[in-house]
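Notes for the structure review
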Amino acid sequence: MADTVLLVLPDRDDAEEIADELRAAGYSPALVHRDMLLGEDDAEDVDWVVELTTGPGGTPAADRTDELRELAERYDGFLTA
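What comes next concerns the included structure.

Calculation rules
- Residues numbered from 1 in each chain as written.
- Predicted model: local features only at pLDDT ≥ 70, side-chain atom pairs only at ≥ 80, totals over all residues.
- Heavy atoms only, no water.
- Buried < 20%, exposed > 50% of the residue type's maximum accessible area, 1.4 Å probe, protein only.
- Helix = DSSP H or I, 4+ residues; strand = E, 2+ residues; numbered from the N terminus.
- Arc of directions from axis to C-beta.
- Contact = heavy atoms within 4.5 Å.
- Core = buried A, V, L, I, M, F, W, Y, C linked by side-chain atoms within 4.5 Å.

Right, let's talk about helix 2 (residues 65–74) for a bit. Buried within helix 2 we find T65, L68, L71 and A72. The arc that holds the buried residues of helix 2, viewed along the axis, is 125°, so those residues lie on one side. In helix 2, the exposed positions angled more than 90 degrees off the buried face are occupied by D66, E70 and R74. Tucked inside the fold, the buried residues of helix 2 contact strand 1 (5–9), helix 1 (12–24), strand 3 (47–54) and strand 4 (78–80).

Written out as structure tokens, the structure reads:
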């Protein structure tokens, strides 16, 4: 089973836009959901997460962490893998 990659972003609209672009590029499942990361105790600190397991061509999304990290950083987010 492939490892899940999470793009963690502060803005819902950005997360939805990125998920749409990644789905069009062949990533899946590219699900968007809210998530309070471990250690956060304030509901205002909840981020938006784009969840990926499979990349283009059926390769693991984790094989493209450098590319995905750069994408997340452009939107003031970060990547967890």
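Counting residues in each nonpolar core, the largest one holds 17 residues, and the members touching the most others are L7, L22, V50, L52 and L68. Within the residue set of this core, elements represented by two or more residues are strand 1, helix 1, strand 3 and helix 2. A per-element tally of this core places helix 1 first, with four residues. Setting aside chain neighbours within four positions, we find V50 in contact with V5, L6, L7, L9, A15, A19, L22, A30, L31 and V32.

With that settled, the discussion passes to the environment of T59. Summarising the element assignment, T59 is placed in the loop between strand 3 and helix 2. It is 9.1 Å that separates the C-alpha atoms of T59 and Y27, two residues lying 32 residues apart in sequence. When residues no more than four places from it in sequence are discounted, the contact partners of T59 are T53, T54 and R64.

Turning to the environment of E16, a few remarks are in order. Mapped onto the elements of the fold, E16 is located in helix 1. E16 sits 15 residues away from L31 along the chain, and the two C-alpha atoms are 8.8 Å apart.

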